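Coordinates in review
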Amino acid sequence: MTGWSRRRLLTTALSTALVPAALAPLSSARAASGEWRFRRGVNAWPWFALTREFPAPRTDYDWPPFQSQRPVPTPDDLGRLRATGLDFIRLPVDPGPFLAGDDATRGKLLDMLDAAVAATLAAGLGIIVNVQANGATHYWNPDRMVSSTEAPAFGLYRALVGELAGRLARFTPGMVALEPVNEPAQSCDSNVWSQVQASLLTAARASARTLPLVVTGGCGSMVSGLAALEPAPLASFEPILFTFHFYEPYLFSHQGAPWMREPVYRSLNNVPWPASAGSLDATLASVRTRMAQDTETSEADKQAAYAETERVLKVYFDARPDRWFIDKYLSQARDWADRNGIAPERVIMGEFGALRTDARYTAAPNPDRARYISDVRQSAEAAGFPWAFWDLFDGMGMMDDTTRALDPAMVEALGLVMPG
């Protein structure tokens with residue numbers, strides 16, 4: 001859920017990516033059997049995110065570097081997640097505090113991460129540790145660390161990936177994996193991204209010969225990035241898993257999201273799923289109501305945003321997206337796997353979700369959100385892909401930040417069971 005999705009043009013919200021020519025298949029001798037504990041998961045942001053960095057010109061963090069009020073799963077929370085039928089978590093880890101601190105600080109953070117991994121495993125859950133740089137951070141951000149192998153802090157980032165791989169390799173085999181980067185911003189067919197990924201995988205393999213590593217395509221890990229990924233050169237890094245993220249159509253999943261840069265999303269709400277469950281007139285009326293409550297935006301900017309909103313919503317309702325729309329997108333990922341002799345169990349849909357309407361957000365109607373989540377989950381499972389829901393907490397979550405109550409609608413949409 002980082003910068004790439006925020007920069008997407010709205011005109012492509014309902015388009016499907018072109019599938020490139022067939023890629024060379026991986027050697028069947030190297031193909032993993034998919035016996036790892038990664039089938040149904042949830043992202044555990046912001047356990048190692050929401051940092052307390054000092055403002056520029058400083059480049060370091062307060063201690064502890066993570067905001068104390070952020071929700072963190074307890075051992076009881078992890079146990080209840082396992083009881084629902086989930087079998088792994090994907091843990092986003094902001095590398096900034098690890099790279100900015102001195103050796104003593106870094107050691108404390110690594111011990112904290114070890115404890116989180118151990119607690120997850122103790123609950124019977126597998127874990128994928130994802131190094132997820134924060135694009136909103138003024139210094140330790142993706143551009144500085146992974147924009148290319150020549151990026152100012154790439155060497156430090158690469159060393160951290162190698163160190164994490166070595167530490168994770170000490171845990172239960174088959175239950176732990178490392179994902180070195182989140183949503184790379186380079187273009188789908190970028191040779192720059194290929195070089196960055198290969199260098200990071202080399203560093204990880206130097207520290208851990210058998211730890212599963214999670215690889216991805218460019219352009220924000222979208223399906224089109226996976227479809228453009230050439231897997232043959234990656235065979236030397238086996239065992240590997242592949243990943244992509246799915247939030248299409250963004251007009252539904254990100255309606256009302258305050259972090260989206262396009263002005264359309266600020267007041268967008270009441271977009272139905274499927275599109276046939278509502279109407280253009282009803283959604284536009286809700287948008288106008290939301291805009292009337294906005295006292296921060298000028299009338300001129302509101303008028304411009306409304307005109308664009310009306311335009312893109314007409315496209316949405318004319319296209320009438322439904323389960324077929326999701327199936328069509330995910331079929332590109334399955335076709336890519338089939339062409340390359342890759343078992344679909346090795347291709348993880350590492351993020352999917354939609355913002356809910358609650359006390360903080362005015363977004364998707366919650367029944368529509370549940371239908372969307374259910375459709376995406378079932379489509380992934382029909383294609384044979386494991387998945388990790390975004391997110392455990394916050395506006396896209398399945399667990400209340402304060403009470404830790406599980407959302408029954410999300411549990412049902414994910415095909416899970418409420419724990420007794």
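Residues numbered from 1 in each chain as written. Predicted model: local features only at pLDDT ≥ 70, side-chain atom pairs only at ≥ 80, totals over all residues. Heavy atoms only, no water.

Overview of the overall build of the protein chain
Applied cut-off: Working definition: helices are DSSP H or I runs of at least four residues, strands are E runs of at least two. Numbering for both runs from the N terminus. Computation of the radius of gyration draws on C-alpha atoms, with the globule rule given as 2.2 Å multiplied by the number of residues to the power 0.38. Relative accessibility under 20% of the residue-type maximum defines a buried residue, over 50% an exposed one, and the middle range a partly exposed one, all with a 1.4 Å probe and only protein chains included. The contact criterion used throughout is that any non-hydrogen atoms of two residues lie within 4.5 Å. What sets the accessible areas is the Shrake-Rupley method with a 1.4 Å probe; for residues, cover comes only from the shown protein chains. Counted as positive: Lys and Arg. Counted as negative: Asp and Glu. His and the chain ends are not counted at all. Taken as the charge centre is NZ of Lys, CZ of Arg, CG of Asp or CD of Glu, depending on the residue.
On a plain count of helices and strands, the protein chain comes out with 15 helices and 10 strands. A compact globule built from 420 residues should have a C-alpha radius of gyration of about 22 Å, and the protein chain, at 21 Å, falls within 12% of that. On the principal axes, the C-alpha backbone points of the protein chain span a range of 60 × 50 × 50 Å. Residue burial in the protein chain is summarised as follows: out of 420 residues, 56% are buried. The long-range share in the protein chain, meaning contacts at least 24 apart out of those at least 6 apart in sequence, stands at 76%. Element-wise, carbon and sulfur atoms account for 53% of the exposed surface of the protein chain, whose accessible area totals about 16,200 Å². Each charge sign in the protein chain was given a centre, from 40 positive and 46 negative side chains, and these centres are 2 Å apart.

Remarks on the pattern of salt bridges
Filter applied, for reference: Basic side-chain nitrogens of Lys or Arg form a salt bridge, by our definition, when they fall within 4 Å of a carboxyl oxygen of Asp or Glu.
Across all of its chains, the model carries 24 salt bridges by this definition. Between glutamate 163 and arginine 106 there is a salt bridge, with the nearest N and O atoms lying 2.7 Å from each other. Residue glutamate 163 is located in helix H6 (residues 154-168), and its partner arginine 106 is located in helix H4 (residues 103-122); the two are separated by 57 residues in the primary sequence. According to the relative accessible area criterion, glutamate 163 is partly exposed, its value standing at 29%. According to the relative accessible area criterion, arginine 106 is buried, its value standing at 16%. One salt bridge in this structure joins glutamate 299 and lysine 302, with 3.5 Å as the shortest N-O distance. Highlighted residues: glutamate 299 and lysine 302, both in helix H12 (residues 299-319), separated by 3 residues, approximately one helical turn. A relative accessible area of 52% means that glutamate 299 is categorised as exposed. Note on lysine 302: relative accessible area 11%, which makes it buried. Three or more residues are tied together by salt bridges with common partners; here these are Arg356, Asp358, Arg360, Asp394 and Asp401.

Some remarks on helix H7 (residues 191-207)
The criterion, for reference: By this rule the span expected of a helix is its residue count minus one, scaled by 1.5 Å.
Between its first and last C-alpha, H7 extends 25 Å over 17 residues, near the 24 Å set by a 1.5 Å rise per residue. Taken as a whole, H7 has its buried residues at Trp193, Val196, Gln197, Ser199, Leu200, Leu201, Ala203, Ala204 and Arg205. Among the structural elements, helix H5 (142-146), H6, strand S6 (176-179) and strand S7 (213-216) are those in contact with the buried residues of H7.

Focus: unusual backbone geometry
A cis amide bond links alanine 56 to the next residue, proline 57, at an omega of 10°. Counting through the fold element by element, proline 57 comes out in the loop between strand S2 (51-53) and strand S3 (61-66). Backbone torsion omega between glutamate 238 and proline 239 reads 5°, so that peptide bond is classified as cis. Structurally, the position occupied by proline 239 is in the loop between helix H8 (223-227) and strand S8 (240-246). We note that glutamate 183 has phi near 45°; this positive angle belongs to a residue other than glycine. Inspection of the secondary structure puts glutamate 183 in the loop between S6 and H7.

Some details on the state of the cysteines
Heads up, the condition is: Two cysteine sulfurs form a disulfide in these notes if their separation is within 2.5 Å.
Applying the stated criterion to the full structure yields 1 disulfide. Sulfur-sulfur distance for the disulfide between cysteine 188 and cysteine 219 comes to 1.9 Å. Between cysteine 188 and cysteine 219, the S-S torsion sits near 95°, and that sign places the bridge as right-handed. In this pair, cysteine 188 sits in the loop between S6 and H7 while cysteine 219 sits in the loop between S7 and H8, placing the two residues 31 residues apart along the sequence. Taking the relative accessible area as the measure of exposure, cysteine 188 reaches 26% and is therefore partly exposed. Taking the relative accessible area as the measure of exposure, cysteine 219 reaches 1% and is therefore buried.

Thoughts on the packing of helix H13 (residues 323-339) against helix H14 (residues 366-383)
For clarity, the threshold we go by: Note on definitions: angles span 0 to 180 degrees between N-to-C directions of axes, and those axes are lines fitted to C-alpha atoms, for helices only across the stretch in contact. In this scheme the crossing of two helices becomes right-handed for a clockwise turn of the near helix relative to the far one and left-handed for an anticlockwise turn of less than a right angle. In the scheme used here, Gly and all other residues not listed as nonpolar or charged are polar, with Ala, Val, Leu, Ile, Met, Phe, Trp, Tyr, Cys and Pro taken as nonpolar and Asp, Glu, Lys and Arg as charged.
Between H13 and H14, the shortest axis-to-axis distance is 9 Å and the interhelical angle comes to 35°. Here the hand of the crossing between H13 and H14 comes out right-handed. In contact with Arg323, Ile326, Asp327, Leu330 and Arg334 of H13, H14 contributes Tyr372, Asp375, Val376, Gln378, Ser379, Ala380, Ala382 and Ala383. Partitioned by chemical class, the residues of the contact of H13 with H14 number 7 nonpolar, 2 polar and 4 charged.

Overview of the confidence of the model for the protein chain
What counts here: Within a predicted model, pLDDT stands for the predictor's per-residue confidence, ranging from 0 to 100.
Confidence in the prediction for the protein chain averages 92 pLDDT; 92% of positions are at 70 or higher. Between residues 2-34, whose pLDDT stays under 50, and residues either more than four places distant or in other chains, the model counts 81 contacts.

Structural notes on the packing of helix H11 (residues 280-292) against H12
To keep things clear, this is the line we draw: Just so you know how the angles are binned, under 35 degrees is roughly parallel, over 145 roughly antiparallel, 65 to 115 roughly perpendicular, and the rest oblique.
Interhelical geometry of H11 versus H12 gives an angle of 160° and a closest axis separation of 11 Å. Relative to H12, the element H11 lies roughly antiparallel. Where H11 crosses over H12, the two elements pack in a sense that is right-handed. Between H11 and H12, the residues in contact are Leu280, Thr283, Leu284, Val287, Arg288 and Met291 and Lys302, Ala305, Tyr306, Thr309, Glu310, Leu313, Lys314 and Phe317, respectively.

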